[in-house]
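Here is what each chain is made of, one letter per residue.
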Number of protein chains: 2
Amino acid sequence: MSLTSNPILLVLLLFGRTRRWMTSSLRLGLLSCHTGAYVGKLLVVPMDGSHWVGMKAISQEMGRRGHRVTVVMPEITILIGPGEHYETLIYPLPFDKAFVDFIMSKNEDVLGKATQPFLERIQEKFSQIKRITELLHTTAESLLFNASLISHLAQQVSRFDAVLTDPMVPTGSLIARKLGIPTVNLLRGIPCFLDMQSTGCPSPPSYVPRFFTGLTDKMDFKQRVINTLVSALEPLLCRLIYWRFDQIAKEFLEEDVGVAEVLSDSAIWLHRIDFTMEFPRPFMPNMVPVGGINCNVRNPLPEDLEPWVSGKQGFVVFTLGTSMKKMPDEITQVFLEAFRQIPQKVDRCHFGDEFLNGKWHISTTWVPQNDLLAHPGARAFITHAGSHGLFEGLCHAVPMVMVPIGGDQPDNAARMASRGVGVVLDISSITAEDLLQGLNEVINDTRYKENMKRLSALHRDRPIDPLDLSVYWTEFVMRHKGAKHLKAAVHDLNWFQYFCLDVIALLATIVLVFIVLTAKCLKFCCRKLSRKRKQD
Amino acid sequence: MSLTSNPILLVLLLFGRTRRWMTSSLRLGLLSCHTGAYVGKLLVVPMDGSHWVGMKAISQEMGRRGHRVTVVMPEITILIGPGEHYETLIYPLPFDKAFVDFIMSKNEDVLGKATQPFLERIQEKFSQIKRITELLHTTAESLLFNASLISHLAQQVSRFDAVLTDPMVPTGSLIARKLGIPTVNLLRGIPCFLDMQSTGCPSPPSYVPRFFTGLTDKMDFKQRVINTLVSALEPLLCRLIYWRFDQIAKEFLEEDVGVAEVLSDSAIWLHRIDFTMEFPRPFMPNMVPVGGINCNVRNPLPEDLEPWVSGKQGFVVFTLGTSMKKMPDEITQVFLEAFRQIPQKVDRCHFGDEFLNGKWHISTTWVPQNDLLAHPGARAFITHAGSHGLFEGLCHAVPMVMVPIGGDQPDNAARMASRGVGVVLDISSITAEDLLQGLNEVINDTRYKENMKRLSALHRDRPIDPLDLSVYWTEFVMRHKGAKHLKAAVHDLNWFQYFCLDVIALLATIVLVFIVLTAKCLKFCCRKLSRKRKQD
C-alpha cells in the first residue's frame, strides 16, 4: 500500500527544506510578468522536491514567452515557490510544518546503519514509506476536495488551454480530466512502468531493464529471468502504488475510472531522460525525451565563492539531494576522513552545516549545484545519483562518485557506471578507503574524464535545447487543444487483442483442424488400402 | 524473386524521364559550391526516381552549409543530376538509354486494362517486376564491382565522414560497410519491414498495418487476421526481395553477411513519414521522422503560368508521378471527360503532352507540383498517392482525389482517406462519373478542406523543419563518427532471447515441476491417509 517501494524516492518528492507560504486559507498571489503578447493560459500542478526543478524551468519560460501560467501549490513545500513569470494559487493543508519536519528527520534513520538488524531496517523503511504515502494522499485530497478552489478552476475553465503536471502523483491529471483540459506530463518515469502502459509503449524485458533492478540493457540469462519476473509483477506493483489514488479518482471524478485510464488521456509525455544516460528503447510518438532540461539554466557563482573554487587543485562537488538534510554521524565521519586525504576542496551543495572547516565550503545560502558543476575547477561530483544531478554532471562533463540512496538512484547510477564515467559505492557500508579510492580513480584516471567528455558532447549535441523542446510541445498542446494524432490506436485494444491472442487462437485452431483432418484422411486411406490388400 | 511485389513502386525507383549524363567511362564532375567554412565530407549513394527528391534536398543543403558532398550516380538516370552544391561521381552502365526507355514504356501496359483477363494482367505485372529488378541488380553491380571507382573511394576513405543512402536498394549501405563509414538512411519504409527488423523496432500487428494491405490502425478481427498473416510472412518476403542482394553482399564484402545485418549497422534512419499521415506507432531512438522534407523547398511559378492559375475558379493539380509518362488512351479519355465538366482548369505536372486543350495547361517544361500546390488557386490534387506528392498536398492544405497505382500508394491513400482529407478511386476501373463525383466532393464539400487545413496545421507545426532535422542528424553522424548511443541492445539478442522464450521456458518448467511435485505429494499423502484409515 505504498506509492513506491522505496521511501527515499518518495522523500525526494515532498520533503526537504520545507517552506510555509501561507498558514491558512486560499490565496491568489499574482506574480506573473508578461514579457510578450498574450498567447495562452497554462495550469501547472507540480510535484514538490527535485521534481519541481524541471517544471519550474518550463513554467518560468512559458511565462517569459507571454503565456499566463498559474502554479497550484500547497501552503507547505520543499522547493515550490513563487517565480518571476508565473502566478501561484495556494491551498491549505491539514497539517503543519513541524509535522512535515518530523517526517523529514526520519529520513536519516533509514539511511545507513549497516549494523542495524536487516528486519529492523526493512521495518523502518516501510514505516517511512507509510508516513510519506499518507502525506502524499492527504496533500492530493487537500487540493482535489477543496471545493472552493476546484470550483474556482472550473469557473475559469476557458482560461486554461492545458495542464502541465507530474503524473507520478496524478493530482494534476485528475483535475485535467475533470475540467476537460489536455495534459502535458513531465516525468522521469513511473516505477511500475505505468507511463509505458498508459502510452502503450512496448518495453521488451529482454533489453529494457526495470526499475529497482540496477540492471543494464545487456543482461545475461539470470538477469533476464529477474527482469522478466519484475516486469510480470508490474501490474501488481501498479495496483499497490495507486490503489488509493484509484479510489480518489473514482470519488473525485464521480465515474468508474482508475489512474491508468486517466493517464492514458495525456496528450504529451515529456520524459526527463536522454539516451546518453538511459538505455535506448522504443518510444511512442507522444513521448518526448527532454533529459537535461536544466543544463543551460544557470547563474554565475556568488562573488565570495569564486576565489574559493578557483584553487589550483580544483574542488569536489558533493550533494545528497534535497531530501538528505543531515547524514547520520557515522557516515559523515567517513566522508570527512576521505576528504582530509585529497588535495581538492569540497563543496557540499544545499546544506553545508556539518562541514565547518576551512577546507570545505560553508554554504549558509543555497548554491545551485549546476552553477558549481559548470565551473572549470570542478574535478569530481559525489552524488546520490538523482536524475537532475546526473544530468547536470553530464552537462558539464564532471566524472562522478555515486552513492545511490534509493528510488531510481541505483538504476541511474548503474546507467552512468556502464558508460565508464563514474564509480558506484554502497553508502550504507561505505568506508573512508572506498571513498578515497573512488575519488582518486575518477579524478586521476583520465579515462573517466575522457569518457565523460565524449558522453557530455553527445548529450549536449541535440537538434533543439530540451527546455525549448518542452516549451514547444506544451505550446503545441495549447494551440491544438491536444495532440490526438500522436496517440497510438493501442488504447482501443484490450490486452488479448493487443497481443493478437484471438488471432493466434483462430490460426492455431485452423492448423489443428487441418492436421487432425489430414491425419484422419491418411488413416482412412491406409485402412482402405490395407483392407483392399487383404481382399486381394 | 523480386524487389517488391508491385512493379509500379519499382518503376518509381529507377525509371521515368531517363537521362544520360555520360556515355562511357567514369568521370568526376566537380560542381560543388562552398558557401561556408569546410566542415566535413559526405558520400551520397542515392536511389533514382522520386526517392531522389528528398535526398537531393539534403545533399544541396549540406553542400550549402559548407560540407563537401559527393553524389555517386549512374550514367543513365530519371531524376538524379548535378546540383549547385554537390559534386558528382558517375559510373557507366552495361545498357543504354533506349533499353531503359523500352522498359519504361511497359509501365503503361500494367496500368488499367480492366477488360484484360486477370491472369494476363498478373503475368504482365510479374514480367515488369522481373525486368525492373534485373535492372536494379545490374545497376548496383555496375557500381559495386567497378573496381576503379571503389578503389578511388577506398583510397579517399579518410575523405568521407558518412554515407547518406536509401537502404531500399542497399548499394550505399554495402559501400559504407566496405569502407567502414557510418551510414545515414533516408527512406519511406521497406515493404517487408526490414527497416523495423534492422532497427529492432517493435511493430505490433494489432495496430501497425502492414504494407500492401491498405489497412488502417483501427482493424476489426478479420483485418487483424490479415495483418497478422502478412506480418508472419514478412521474413519470407524479405528473403524474396533481397536474396540477390544477399548474394551481392557476400561477394562484394567477402564475408558471410546478409543485407539485414548490413542495414543494422546504420547509425541514423531518417524516415520520410509524419504522424499526420502515418499512424502512430513505436519508434526507436535512432529513427527520426522527417516526412514533408520538401515543404519549404519551392520557387515562384514561371511568369507565363501565373496568369493561367490565377483564374477565379482556381485549378486542379494532376499528377501520376515521374513513372507514368503516358496513361493508356482509355483512361486518358475518362479523365478528359470529367475535366470538361468542372469549372476548374487542370494542370498536369511533369508531362502534359496529352492535354492539348485551352482549358488545361500544356507544360513543355517540368513544373514542380510543390510550386503549383503552394498557389492559393489550387482547389484539388489528383494524385497517385506517392508519399512525396501527399506531403506536398498536405503541406499546402489541398484536398485530394487519390488514384493509387501500386507500391505503397494504396496504403498512403488509405491513411489520407482515414483523415477525411480526400477520396480514393480505383484507377483501373475508373469512370468519368466517379472522377467527377470525387472532384466535386473534395472541391465543394467544405469538410474536406477544413479537415485538410487542420491536418496541414498539425503537419507544419513541428519543433524543427524536417529538412533542417535531416541535415542536423547527418552532421551529427559526421561529427561523432556514428550514433552508437542511440542503438538498442536488441542487436545482441537472437529471436528467442528477444522474446524471452528461454526465460519463459525456464519459468514454465519450474511451475510445471512445482505442480507435479505438489500433485505427487498430495497423492502420496492421500494414499497414506487412506491406508491409515483402512488399518484403523
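Remember, it's a predicted structure, so these values are computed and weren't measured experimentally.

So, the UniProt feature "transmembrane region" (unreviewed entry) in chain A: which residues are in play, and what are the values?
Listed under "transmembrane region" (unreviewed entry) in the UniProt record, and renumbered for this structure, are residues 495-522 of chain A. The span residues 495-522 of chain A is 93% helical and 0% strand by assignment, and the distance between its end C-alpha atoms comes to 39 Å.

Describe the state of the cysteines, naming the residues involved and giving the relevant values.
Evaluation of the coordinates by the stated rule reveals 4 disulfides over all chains. A sulfur-sulfur distance of 2.1 Å marks the disulfide that ties Cys 192 of chain A to Cys 238 of chain A. Classification of the bridge connecting Cys 192 of chain A and Cys 238 of chain A rests on its S-S torsion, roughly 95 degrees, and on that basis the disulfide is right-handed. Of the two residues, Cys 192 of chain A sits in the loop between strand S8 (183-187) and helix H8 (194-199) while Cys 238 of chain A sits in helix H9 (residues 221-253), which places them 46 residues apart along the sequence. The exposure classification of Cys 192 of chain A matches that of Cys 238 of chain A, with both residues buried. Residue Cys 295 of chain B pairs covalently with Cys 395 of chain B via a disulfide, S to S 1.7 Å. Disulfide Cys 295 of chain B-Cys 395 of chain B: torsion about the S-S bond near 70 degrees, hence right-handed. Highlighted residues: Cys 295 of chain B in the loop between strand S10 (287-289) and helix H11 (305-309) and Cys 395 of chain B in helix H14 (residues 387-395), separated in sequence by 100 residues. With a relative accessible area of 8%, Cys 295 of chain B lands in the buried category. Shown here for chain A is a disulfide pattern of 1-2, 3-4, where each number marks a bonded cysteine counted in sequence order. In this structure Cys 521 of chain A is not part of a disulfide, and its nearest cysteine sulfur, from Cys 525 of chain A, lies 6.2 Å away.

Summarise the nonpolar core; cite the residues concerned and give the values.
General note: in soluble globular proteins, nonpolar side chains tend to be found buried as a group. Judged by nonpolar contacts, the single largest core of 197 residues is most densely connected at Ile 175 and Ile 268 of chain A together with Ile 175 and Ile 268 of chain B. Residues within four places of Ile 268 of chain B in sequence aside, it is in contact with Thr 183, Val 184, Asn 185, Asn 286, Val 288, Trp 473, Val 477, Ala 483 and Leu 486 of chain B. Grouped together as the second largest cluster of nonpolar side chains are 27 residues, Phe 335, Ala 338, Ala 432 and Val 442 of chain A included.

Describe the side chain of Arg 188 of chain A, listing the residues and the values that go with them.
Residue and element names in this part refer to chain A. Position of Arg 188 among the secondary structure elements: in the loop between S8 and H8. Arg 188 gets classed as buried once you look at its relative accessible area, which sits at 9%. Among the polar contacts listed, one links the side chain of Arg 188 to the side chain of Asp 408, at a separation of 3.4 Å. Setting aside its immediate chain neighbours within four residues, Arg 188 contacts Phe 211, His 271, Arg 272, Ile 273, Met 277, Glu 278, Ser 387, Asp 408, Asn 412 and Arg 415.

How would you summarise the interface of chain B and chain A if you had to cite specific residues and measurements?
Contact residues are listed per partner, giving 48 residues for chain B and 48 residues for chain A. Summed over both sides, the interface between chain B and chain A buries roughly 4,000 Å², with carbon and sulfur atoms accounting for 70% of that surface. Interface area lost by chain B to chain A is led by Asp 461, Pro 463 and His 485 of chain B, which between them contribute 14%. The tally of links from chain B across to chain A stands at 6 salt bridges. Between Asp 502 of chain A and Arg 224 of chain B there is a salt bridge, and its shortest N-O distance comes to 2.5 Å. Listing elements by their share of the side of chain B that touches chain A, those giving two or more residues are helix H9 (221-253), helix H17 (446-460), helix H18 (466-480), helix H19 (495-498) and helix H20 (501-535) of chain B. It is H18 of chain B that provides the largest number of residues to the side of chain B that touches chain A, a total of 6 residues. Looking at the side of chain B that touches chain A residue by residue, the class counts come to 31 nonpolar, 7 polar and 10 charged.

Describe in detail empty space enclosed by the protein, supporting the description with residues and values.
Scanning all chains against the criterion turns up 10 cavities of 30 Å³ or more. The computed volume of the largest cavity comes to approximately 980 Å³. Lining the largest cavity are 42 residues, and of these Val 288 and Pro 289 of chain A together with Met 287, Val 288 and Pro 289 of chain B sit closest to its centre. Top element by residues in the lining of the largest cavity is helix H18 (residues 466-480) of chain A. It accounts for 4 residues. Among the residues forming the lining of the largest cavity, the class breakdown is 30 nonpolar, 5 polar and 7 charged.

Describe the pairing of strand S6 (residues 87-91) of chain B, with residues and values.
Residues and elements named next belong to chain B. Of all the 5 residues making up S6, 5 are buried; the element is thus mostly covered by neighbouring parts of the structure. By the alternation rule, side chains of S6 split into Glu 87, Leu 89 and Tyr 91 and Thr 88 and Ile 90, which are all buried. Strand direction decides the pairing type here: strand S4 (residues 68-74) and S6, joined by 5 bridges, are parallel. Directly across from Pro 74, in S6, lies its bridge partner Tyr 91.

Could you give me a rundown of the side chain of Asn 185 of chain B, with the residues and numbers involved?
Residue and element names in this part refer to chain B. In this fold, Asn 185 is placed in strand S8 (residues 183-187). Here Asn 185 falls in the buried class, since its relative accessible area comes to 0%. A polar side-chain atom of Asn 185 sits 2.8 Å from a polar atom in the side chain of Ser 266. Excluding its chain neighbours within four sequence positions, the residues that come into contact with Asn 185 are Thr 165, Pro 167, Ser 173, Ser 266, Ile 268, Trp 269 and Leu 270.

Describe the relation of the copies chain B and chain A, naming the residues involved and giving the relevant values.
For the pair chain B and chain A, the best superposition has an RMSD of 0.1 Å and corresponds to a rotation of 180 degrees with a translation of 0.0 Å parallel to the axis. In the structure described here, the two chain copies are related by an operation that fits a two-fold rotation axis. The position closest to the rotation axis in chain B is occupied by the C-alpha of Phe 283 of chain B, lying 2.7 Å away. Mapped onto chain A, 100% of the interface residues of chain B are again interface residues, and the two copies thus contact each other with one and the same surface.

Help me get a handle on helix H12 (residues 329-340) of chain A, residues and values and all.
Between its first and last C-alpha atoms H12 of chain A spans 16 Å; for 12 residues at 1.5 Å apiece the expected length is 16 Å, and the two agree. Taken together, the buried positions of H12 of chain A are Ile 331, Thr 332, Val 334, Phe 335, Leu 336, Ala 338 and Phe 339 of chain A.

Now, about the confidence of the model for chain A: what can you tell me, with residues and values included?
All names here are of chain A. Looking at chain A as a whole, its pLDDT mean stands at 85, while 86% of the residues score no less than 70. Across chain A, the secondary-structure element scoring lowest on mean pLDDT is strand S2 (residues 27-29), at 31, and the one scoring highest is strand S9 (residues 268-271), at 98. Under a pLDDT of 50 for its full length, residues 1-38 has, in the predicted model, 161 contacts with residues more than four places off or in other chains. For the stretch residues 350-358, pLDDT sits under 50, and the model shows 27 contacts to residues farther than four places along the chain or on other chains.

Run through the packing of aromatic side chains, naming residues and quoting values.
Considering all chains together, one arrives at 32 aromatic pairs over all chains under this definition. Geometrically, the ring pair formed by Tyr 242 of chain A and Phe 245 of chain A is tilted, given 6.4 Å between the ring centres and 50 degrees between the ring planes. Of the two residues, Tyr 242 of chain A and Phe 245 of chain A are both situated in helix H9; the distance of 3 residues between them amounts to about one turn of the helix. As far as burial versus exposure is concerned, Tyr 242 of chain A and Phe 245 of chain A are alike and both buried. A network of ring pairs unites the aromatic residues Phe 193, Phe 211 and Phe 212 of chain A as a single cluster. The ring of Phe 252 of chain A carries the charged tip of Lys 178 of chain A above its face, separated from the ring centre by 4.8 Å. Sitting over the face of the ring of Tyr 472 of chain B, Arg 479 of chain B holds its NZ or CZ atom 5.5 Å from the ring centroid.

Let's hear about helix H6 (residues 147-155) of chain A: which residues, and what values?
Residues and elements named next belong to chain A. By the burial criterion, the buried members of H6 are Leu 149, Ile 150 and Leu 153. For H6, the angular spread of the buried residues around the axis is 95 degrees, confining them to a single face. Seen from the buried face of H6, the exposed residues on the opposite side, beyond 90 degrees, are Ala 147 and Gln 155. Those residues of H6 that are buried lie in contact with strand S3 (41-45), strand S6 (87-91), helix H5 (118-144), helix H7 (171-179) and H9.

Cut-offs and rules
- Residues numbered from 1 in each chain as written.
- Chains lettered and ligands numbered in written order.
- Predicted model: local features only at pLDDT ≥ 70, side-chain atom pairs only at ≥ 80, totals over all residues.
- Heavy atoms only, no water.
- UniProt positions renumbered as here; feature names shortened; annotations may be inferred.
- Helix = DSSP H or I, 4+ residues; strand = E, 2+ residues; numbered from the N terminus.
- Disulfide = S-S within 2.5 Å.
- Buried < 20%, exposed > 50% of the residue type's maximum accessible area, 1.4 Å probe, protein only.
- Core = buried A, V, L, I, M, F, W, Y, C linked by side-chain atoms within 4.5 Å.
- Contact = heavy atoms within 4.5 Å.
- Polar contact = N/O pair within 3.5 Å; in protein donor to acceptor, adjacent residues only side chain to side chain.
- Buried area = accessible area lost by both parts, 1.4 Å probe.
- Salt bridge = Lys/Arg side-chain N within 4 Å of Asp/Glu carboxyl O.
- Nonpolar A, V, L, I, M, F, W, Y, C, P; charged D, E, K, R; others polar.
- 1 Å grid on protein atoms, 1.4 Å probe; cavity = no way out; pocket = protein on both sides within 12 Å on 5 of 7 lines; lining within 4 Å.
- Points joined across faces, edges and corners; volume = space filled by probe spheres on them.
- Pairing = 2+ DSSP bridges.
- Least-squares fit on C-alpha atoms with pLDDT ≥ 70 in both.
- Expected span 1.5 Å × (residues − 1).
- pLDDT = per-residue confidence, 0-100.
- Phe/Tyr/Trp six-rings, centres within 6.5 Å; stacked < 30°, edge-to-face > 60°.
- Lys NZ or Arg CZ within 6 Å of the ring centre and 35° of its normal.
- Arc of directions from axis to C-beta.

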